[in-house]
Amino acid sequence: MSVRHLEALFQPASVVVVGASDRPGSVGQVVWRNLRAGGWSGGLWAVNRRPQALDAATVFPDVSALPATPDLAVICTPAASVPALVDECGRKGIRAAIVITAGLRDPAPGGGTLSQAMLAAARPHLLRILGPNCIGLLVPGLGLNASFAPSAGLPGELAFVSQSGALATAMLDWASSRGIGFSHFVSLGDGADVDFGDVLDYLASDAGTRAILMYMESVAAARKFMSAARAAARNKPVILVKAGRAPAGALAAASHTGALAGSDAVFDAAVRRSGALRVDTLEALFDAAQTLSRVRHWRGDRLAVLTNGGGAGVLAADALPPASLATLSPATRAALDGCLPPTWSHGNPVDIVGDAPVARYVAALDVLLAAPEVDGVLFMHAPTAIVPAAEIAKACLPALQRASRPVLGCWLGGETVQGAAAVFERSGVATYDAPERAVAGWQQLVQYHAAQQALLELPEAGPAGREPQAARAAAVLQRALDAGHEWLSPGACAELLEAYGIPMVATCDVADAQAAARIAQGQPGPVALKIRSPQIVHKTDVGGVALGLRGADEVMAAATGMLEHVRARLPQAQIDGFTVQAMADRPGAWELICGIASDATFGPVVLFGEGGTAVELRADRALALPPLNDVLARELVGRTRISRMLAGFRGRPGVDARALRDVLVRISAIACEQPAVAELDINPLLADERGVLAVDARVRLRRAAPGEPSRLALRPYPRELAAQVECGGRTLVLRPMRPEDGARLAAFYAGASPADLRLRFFMVRREIPRSELARYCQIDYEREMTLVALDGEAMAGEVRAVCDPDNEVAEFALQVATAWQCRGLGTAMLRRMIGYLAGRGVRQLRGECLEANAGMRALASRLGFELRLKPLGLVEMTLALR
């Protein structure tokens, strides 16, 4: 990801249109006209090799002839000319270009495509390119319309980013007709250089943007996108529509963008993990932007519906999940009895009856806003001749302004309620014209805050379990690859699972029926016999499974008959022998499925759901991106229908939930640490109150290419950075921060002296809020790092660094526990961080400390930092990294 020179793209002071033209209907003519007519007050030049008159402006023959260097070039020339023009722009010192031109996927004269030649021309100059094949860029607040869009757009605080140019122009027209304005309106086109990740990084820190809306068709760089989306979603709402929910739509999206669309369920999992919100329609996109940017004081999902019409209330209640309709307490119902007529609905929705005067609205609203069992209120009104709607809206304003929970407005009707809706909107209340849209807005709030809460969850440290034996597992996989196998044998699958501490029934691969009989002879209970063939994946479909066999004779007979049956049905299949497994004696256990699937865009994903032979028919499964921890595993299980039954019901005990989540975390570790695993299926995984047990497993292999980058969309925990340091006569562990370190970090801050906390945070602090602790522990290893020093289980120090999106500069902070100060620990930790940052190519490390922090200043000086005194008693510390 990179925001380098994006200021020149999104906030230019001057623009040149290359290919500006007076030819009616040409792209160069439309772009020039839009820039002139849009209110642009910055520098503006035109370049065209053909001499012409252009609004009395001087038309220069080439970029090099310009009297000054523009910030931004807009290129509207034929495709074959673009690479040379980009090079010319770079030589002039221009740092950003919008390439409107299409057709750059055509072959270039020197080999490759014109798009590749364009990027090669831009690279030496660090010139950033938006496009090609895009409609351009609008920044209405600057009067910048560097596009061939039919309108200039209104200024506003929403940013809209689209892969589709045609859809972007339609949405611009639609938004203008509804008075919706934009801080930035961006058409990515082919996204050869600037892509979603870059734009998200830029807009996340843009003060003039309060929400980021995106229309997506595909993701090219999954890890870059995820890292940028997670960072942006912590700052402001990120809301998106992605085409291709249906298979036909996915195919159309892929052919339109020239990229392969990934699985829609996987994309859903990625969006959920990022903290963004996905909606289904473009109208919902703008509704969600209104709702999320206006609603404050979020408490939970229990909604009370206040209405003067029973029918409207029923429609709203029908659209809500039952758990989201607040159950009114006896105290709340009694309070409503005191201010409503006897004919009110006596429940939720609260129907205050159609003849309600202003005072009745206000009183009922006050009761609901004070009810502890109500997390939010949907205020609905259908027009009547009793009292003007605008008077009701104005009377309710004081209650809305002091409300400590969200209120949504829904004014049903047309002209009669327009004034009332405007009153609500001016006061910052999200307002809708239909019950279903209002409820959809509430559900968007629920989904968004659930995703945001997931970013703040701190998993508890689990019980000490056996550490995965990654090297042993890798050796199992490599042996199979060396033998040319695509699938692991059942025995090798069992060895892989055992290496990762996943319990499985005793499993043994044998070459023939006689060996199978000998294995069965030594088993105390019944066994299962399965055919072993690389061509037979679903063994039950061909009669390749026999269950409940006892003793050598039964196994011998079953193996002989199975071999004859399979050879008769699949004579071409290569039979490698049999697998003998102990039968699991777990009556009443649930049959589950879990494993790893591979997505073309987001790489490995973890799957969980209801298992058994009808797994495809039931389709009760959920997906999550690895790596997982205990909290994420719990959330994954909770998204399946079977999760409610796993908790126990009608006297049936619940399953060992901790053991189940532990298996999912260990499967996630396989996905992160074993790139040779393309797919893994454990089906069934038996689960009951005694724990979990894998009965059958399949693993498909893949041979990674030499030097192949990680396929993971999220960078996993970098355990390779863990080390031991000698300090003060003791050996401490220095390792990266984990999400499970929340309690340890809280104790570290709680044990710090007030003076130490002031030196660390530049202010007096009594405690660190849990949300802040979560932010410190839930780090994105792709762009930040925190190393903690552990003395046993206690934290002795921390050093953290956050890199900019360009990986140019990192900012650091350091704190050492009082008992460990002046013992060399701070020096050891900061040196380790410096080495890590230098290794990943960071050029400069910066930090600030109080002038009164003599210890930090001395440490920085010893390590070669340059110190500079700043205002307000601060000292800036800077170190150039080689």
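These numbers come from a predicted model, not from an experiment. (Residues numbered from 1 in each chain as written. Predicted model: local features only at pLDDT ≥ 70, side-chain atom pairs only at ≥ 80, totals over all residues. Heavy atoms only, no water.)

Across its full length, the chain holds 29 helices and 36 strands. In terms of overall size, the chain behaves like a compact globule, its C-alpha atoms giving a radius of gyration of 32 Å where 882 residues would be expected to give roughly 29 Å. Principal axes of the C-alpha set define a box for the chain whose edges measure 100 × 85 × 70 Å. Burial status across the chain gives 55% buried among its 882 residues. Nonlocal contacts in the chain, meaning residues at least 24 apart in sequence, comprise 70% of its contacts between residues at least 6 apart. Counting every atom, the chain has about 37000 Å² of accessible surface; 53% of that belongs to carbon and sulfur. (Helix = DSSP H or I, 4+ residues; strand = E, 2+ residues; numbered from the N terminus. Rg over C-alpha atoms; globule rule 2.2 N^0.38 Å. Buried < 20%, exposed > 50% of the residue type's maximum accessible area, 1.4 Å probe, protein only. Contact = heavy atoms within 4.5 Å. Areas by Shrake-Rupley, 256 points an atom, 1.4 Å probe, with all protein chains shown as cover.)

Right, let's get into the pattern of salt bridges. Under the criterion given, the structure shown has 50 salt bridges. Salt-bridge contacts for R532 lead to D509; the nearest nitrogen and oxygen are separated by 3.9 Å. Residue R532 is found in strand β20 (residues 527–532), and its partner D509 is found in strand β19 (residues 507–510); the two are separated by 23 residues along the sequence. Owing to a relative accessible area of 16%, R532 belongs among the buried residues under this scheme. Residue D509 is classed as partly exposed on the basis of its relative accessible area of 24%. If you follow the salt bridges from partner to partner, you end up with R128, D193, D195, D198 and K224 in one network. (Salt bridge = Lys/Arg side-chain N within 4 Å of Asp/Glu carboxyl O.)

A word on the sheet that holds strand β4 (residues 72–75). Here 6 strands make up an open sheet; going across it, the order is β3-β2-β1-β4-β5-β6 and the pairing parallel. Looking along the sheet, the strands with just one partner apiece sit at the ends: β3 (59–60) and β6 (128–130). Two elements, β4 and strand β5 (residues 96–99), share 4 bridges in a ladder whose sense is parallel. Among the inter-strand pairings, L72 is bridged to a residue of β5, identified as A96. (Pairing = 2+ DSSP bridges.)

Ranked by size, the top nonpolar core spans 65 residues in total, and within it L9, I98, M214, F225 and F602 carry the most contacts. Ranked by residue count, the leading element in this core is helix α7 (residues 222–233), at 7 residues. Once residues within four sequence positions are removed from consideration, F602 is found in contact with V219, A222, F225, M226, V266, F267, A270, L625, R711 and A713. Formed by 54 residues, the second largest nonpolar core is a distinct cluster that contains L787, M795, A801 and V842. (Core = buried A, V, L, I, M, F, W, Y, C linked by side-chain atoms within 4.5 Å.)

What follows covers helix α20 (residues 551–569). Here α20 contains 19 residues, and its C-alpha end-to-end distance of 27 Å stays within 8% of the 27 Å for a straight helix at 1.5 Å per residue. Turning to α20, the residues buried within the fold contact α19 (513–521), β20, β21 (545–549) and β22 (577–582). (Expected span 1.5 Å × (residues − 1).)

The tally for this structure, following the rule as stated, stands at 19 aromatic pairs. Look at Y717 and Y781: their rings are 5.8 Å apart centre to centre, the planes differ by 80 degrees, and that puts the pair in the edge-to-face class. Here the residue Y717 occupies a position in the loop between β28 (697–701) and β29 (723–727), and Y781 occupies one in the loop between α27 (770–777) and β31 (784–791), the gap between them amounting to 64 residues. Across this residue pair, the class does not change: Y717 and Y781 are buried. The residue whose ring lies beneath K242 is F267, and the NZ or CZ to ring-centre distance is 5.2 Å. Geometry around W820 places R823 over its ring, the cationic atom sitting 4.0 Å from the centre. (Phe/Tyr/Trp six-rings, centres within 6.5 Å; stacked < 30°, edge-to-face > 60°. Lys NZ or Arg CZ within 6 Å of the ring centre and 35° of its normal.)

Helix-helix packing is described using two parameters, namely the angle between the two axes and the distance between the axes. Across the interface, helix α11 (residues 310–319) lies against helix α16 (residues 435–456) with an axial gap of 9 Å and an inter-helix angle of 35 degrees. Like other packed secondary-structure pairs, α11 and α16 cross with a definite hand, here right-handed. Contacts between α11 and α16 involve A312, L315, A316 and A319 from the first element and P435, E436 and V439 from the second. Taken together, the residues that form the contact of α11 with α16 break down as 6 nonpolar, no polar and 1 charged. (Axes fitted to C-alpha atoms, helices over the stretch in contact; angles between N-to-C directions. Left-handed = near helix turned anticlockwise from the far one by under 90°. Nonpolar A, V, L, I, M, F, W, Y, C, P; charged D, E, K, R; others polar.)

A word on helix α3 (residues 82–92). Among the residues making up α3, those that are buried are V82, P83, L85, V86, E88, C89 and G90. Where the residues of α3 are buried, they touch β1 (14–18), β4, β5, α4 (114–122) and β6. With its phi angle positive at about 100 degrees, G93 sits one or two positions after the end of α3.

Now for the sheet that holds strand β14 (residues 303–307). Spatially, the 5 strands line up as an open sheet ordered β15-β14-β16-β17-β18, and their pairing is parallel. Whereas interior strands pair on both sides, the edge strands pair on one side only; in this sheet they are β15 (350–351) and β18 (431–432). Sheet analysis places strand β17 (residues 407–411) next to β18, joined by 2 bridges and oriented parallel. Looking at the pairing, C410 lines up with Y432 of β18.

Below, the discussion takes up the side chain of N308. Its place among the elements puts N308 in the loop between β14 and α11. A polar atom in the side chain of N308 sits 3.4 Å from the side chain of H381. In terms of polar contacts, N308 uses its side chain to reach the backbone carbonyl oxygen of A382, at 2.8 Å. (Polar contact = N/O pair within 3.5 Å; in protein donor to acceptor, adjacent residues only side chain to side chain.)

Here the chain shows a mean pLDDT of 90. Residues at 70 or above account for 97%. Below pLDDT 50 for its whole length, residues 248–262 participates in 22 contacts with residues either more than four positions away or in separate chains. (pLDDT = per-residue confidence, 0-100.)

Our focus in this paragraph is the pairing of strand β11 (residues 211–216). A large share of β11 lies buried, amounting to 6 of its 6 residues. Burial along β11 is two-sided: A211, L213 and Y215 facing one way and I212, M214 and M216 facing the other are all buried. Relative to β11, strand β9 (residues 154–162) is paired through 5 bridges, and the arrangement is parallel. Residue pairing in the sheet places L158 in a bridge with A211 of β11. Taken together, the 5 bridges between β11 and strand β12 (residues 238–242) define a ladder with parallel strand orientation. Each residue of the ladder has a partner; that of M216, found in β12, is K242. Once the chain exits β11 it traverses α7 before rejoining the sheet at β12, and the crossover so formed is right-handed. (Right-handed = clockwise from strand over helix to strand, strands pointing away.)

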